[in-house]
Amino acid sequence: MSRKVVVTGLGAVTPLGNTVEETWQAVREGKSGIGKITAFDTSDYECKIAGEVKGFEASRWIDRKEARKMGRYTQFAVAAAVQAMADAGLNKDNMDVNRAGVLLGNGIGGFEVIESSIKKYFDAGNARIPPLSIPMLIPNEAPGNISMLLGLHGTALSLATACSSGTDALGLALDQIRHGRLDICLAGGTEATITGYGIGCFQVLKTLATSFNDEPEKASRPFDKRREGFVMGEGSAILVLEEYEHAKARGARIYAEFAGYGGSSDAYHITSPDPSGDGGALAITNAIADAGIRPEDVQYYNAHGTSTPINDPSETAMVKKAFGDHAYKMKISSTKSMTGHCLGAAGAIEALFCVKAIQDGFYPPTINLENPDLEAGCDLDYVPNHGIDVSAEGGISCAMSGSLGFGGHNGVVVFRKV
């Protein structure tokens, strides 16, 4: 028996704000969260910009002493989880904690912990390695800390599929609830890789934008002719997923139905997407079938849209293959134009944007889209520069988000108005 799953709580920490409200308001206004890097000295770096989380104080959501034992990526996830639980009206006293779990996507783990502890090892020897290095850097510590803080005894897992991690974690959580293993699951993604080593690693891969250091807010420009690479972001988004009858019985506010998930593998290249778009199109088709909808039911697609020369044309090709003529009728946008690319957290943040788009009847924009790259086939409606409010025209009833990760991982999620 497949049970209906709904979204009843949201939490977020992003380059656009430390809450869902701050983040979504910035999206509605088309603001950029990208600026000069403050986390380290960029003097000898080609790339000097990123989408950093600003003004984040972990003690707002976490005991100060406990926060010191967590990596930055874990702090983001815990903060988003606390927000999401409060938004859903849930706590360990009004739910069956044995039927509630945590499933998070994360690409790398505690990057700043890895960097600092290895430096101490090489500078001063093995006796100077900080004793909490391993517990702070391993990816599963984010869901582990959330389950401990909130007292949740259901499944707590981490999933790593590069930039598709957050989306794939949502898909796995959907299955956990559908098939009766959980009634409630906090699901999403988290990432914090804006360090000297992190930026350096992606810089030598030649994947980052480096020509906009003096105009950081213009650097992420998906589908535009002047795009040259992605801009690193960081943050977390957590969605409270709940079995529909369970949510109804407790009188929960329901944001949307989590209707379907589809995945696939390009089986093509370790860092580049298949330019044909075949693998991504399969993930979209699988998600549509899983949701029990028709392609023409999808009104909005939140694109992976990384602003790289390779991704944007191949993703456009995949959308055309999956949707046919409907690709030209639906709205498509890349909110990475505002947040940057938050890696393992990206899919979760963008899934949250789909839920908010349905709630508000608002199509988020792709900012910095001045000249669509028509020669590369980027000729769809990417909601350039300004969002569109359709709340007075019937709103948005079905939205989809796609994520494509290194290794050829493709994940797609579908949300519907309840």
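Residues numbered from 1 in each chain as written. Predicted model: local features only at pLDDT ≥ 70, side-chain atom pairs only at ≥ 80, totals over all residues. Heavy atoms only, no water.

(A) Layout of the packing of aromatic side chains. Across all of its chains, the model carries 11 aromatic pairs by this definition. Taking 4.9 Å as the distance between ring centres and 25° as the angle between the ring planes, the aromatic pair formed by Phe258 and Phe415 counts as stacked. Here Phe258, found in strand S8 (residues 256-265), pairs with Phe415, found in strand S14 (residues 409-416); they are 157 residues apart in sequence, far enough to count as distant. Taken as a pair, Phe258 and Phe415 share a single burial class, namely buried. One aromatic cluster is present, built from ring pairs that chain together Trp24, Phe353 and Phe362. The ring of Tyr244 carries Lys4 above its face, with NZ or CZ at 4.2 Å from the centroid. (Phe/Tyr/Trp six-rings, centres within 6.5 Å; stacked < 30°, edge-to-face > 60°. Helix = DSSP H or I, 4+ residues; strand = E, 2+ residues; numbered from the N terminus. Buried < 20%, exposed > 50% of the residue type's maximum accessible area, 1.4 Å probe, protein only. Lys NZ or Arg CZ within 6 Å of the ring centre and 35° of its normal.)

(B) Spatial organisation of the environment of Ala12. Mapped onto the secondary structure, Ala12 falls in strand S1 (residues 5-13). Considering only alpha carbons, one finds Ala12 and Arg294, 282 residues apart in sequence, at a separation of 30 Å. Residue contacts for Ala12: discarding those within four places in its chain leaves Gly17, Asn18, Thr19, Val20, Ala80, Gln83, Ser236, Ala237 and Leu352. (Contact = heavy atoms within 4.5 Å.)

(C) The arrangement of the nonpolar core in detail. Counting residues in hydrophobic clusters, the biggest one holds 46 residues, and the most contacted among them are Leu239, Leu241 and Phe415. With 10 residues, helix H13 (residues 346-360) is the largest single contributor of residues to this core. What Phe415 contacts, discounting residues up to four positions off in sequence, is Val7, Leu239, Glu257, Phe258, Ala259, Ala351, Cys354, Val355, Ile358, Ser397, Cys398 and Ala399. If you look at the next biggest cluster of nonpolar residues, it comprises 33 residues, including Phe76, Met95, Ala192 and Ile238. (Core = buried A, V, L, I, M, F, W, Y, C linked by side-chain atoms within 4.5 Å.)

(D) Highlighting the UniProt feature "active site" (unreviewed entry) in the protein chain. The feature "active site" (unreviewed entry), as annotated in UniProt, sits at Cys163 in this numbering. The topology assignment puts Cys163 in the loop between strand S5 (156-159) and helix H7 (165-178). Setting aside residues no more than four positions away along its own chain, Cys163 makes contact with His304, His341, Leu343, Ser403, Leu404 and Gly405. (UniProt positions renumbered as here; feature names shortened; annotations may be inferred.)

(E) Structural context of the packing of helix H10 (residues 278-291) against helix H11 (residues 311-323). The interhelical angle for the contact between H10 and H11, taken along N-to-C directions, is 45°, at an axis separation of 8 Å. As summarised for this structure, H10 and H11 are arranged oblique, according to the angle between their axes. The hand of the H10/H11 crossing is right-handed. On the side of H10, the interface is formed by Asp278, Gly280, Ala281, Ile284, Thr285 and Ile288, while H11 contributes Met318, Val319, Lys321, Ala322 and Phe323. Considering only residue class, the contact of H10 with H11 consists of seven nonpolar, two polar and two charged. (Axes fitted to C-alpha atoms, helices over the stretch in contact; angles between N-to-C directions. Parallel < 35°, antiparallel > 145°, perpendicular 65-115°, else oblique. Left-handed = near helix turned anticlockwise from the far one by under 90°. Nonpolar A, V, L, I, M, F, W, Y, C, P; charged D, E, K, R; others polar.)

(F) Quick look at the UniProt feature "domain: Ketosynthase family 3 (KS3)" (unreviewed entry) in the protein chain. If you check UniProt for "domain: Ketosynthase family 3 (KS3)" (unreviewed entry), the listed places come out as residues 2-417 in our numbering. Secondary structure across residues 2-417 divides into 32% helix and 18% strand, with the first and last C-alpha atoms of the span separated by 19 Å.

(G) Highlighting the side chain of Ser220. With respect to the helices and strands, Ser220 occurs in the loop between helix H8 (196-204) and strand S7 (235-243). Reaching out from Ser220, the side chain makes a polar contact with the backbone oxygen of Lys336 at a distance of 2.8 Å. Those residues in contact with Ser220 that sit more than four places away from it in its chain are Ile34, Val231, Ser307, Lys336, Ser337, Ile367 and Asn368. (Polar contact = N/O pair within 3.5 Å; in protein donor to acceptor, adjacent residues only side chain to side chain.)

(H) Inspection of the sheet that holds strand S4 (residues 100-105) at higher detail. Taken together, the 10 strands give an open sheet; going across it, the order is S5-S4-S6-S7-S1-S8-S14-S13-S9-S10, and neighbouring strands pair in mixed fashion. Edge positions in the open sheet fall to S5 and strand S10 (331-333), since each of these has one partner strand only. Strand after strand, the sheet turns through a mean of 25° between neighbouring axes, direction not considered. Where strand S9 (residues 300-302) lies against S10, three bridges are found, and the strand directions are parallel. Residue pairing for S10: Asn302 is matched across the bridge by Ser333. (Pairing = 2+ DSSP bridges.)

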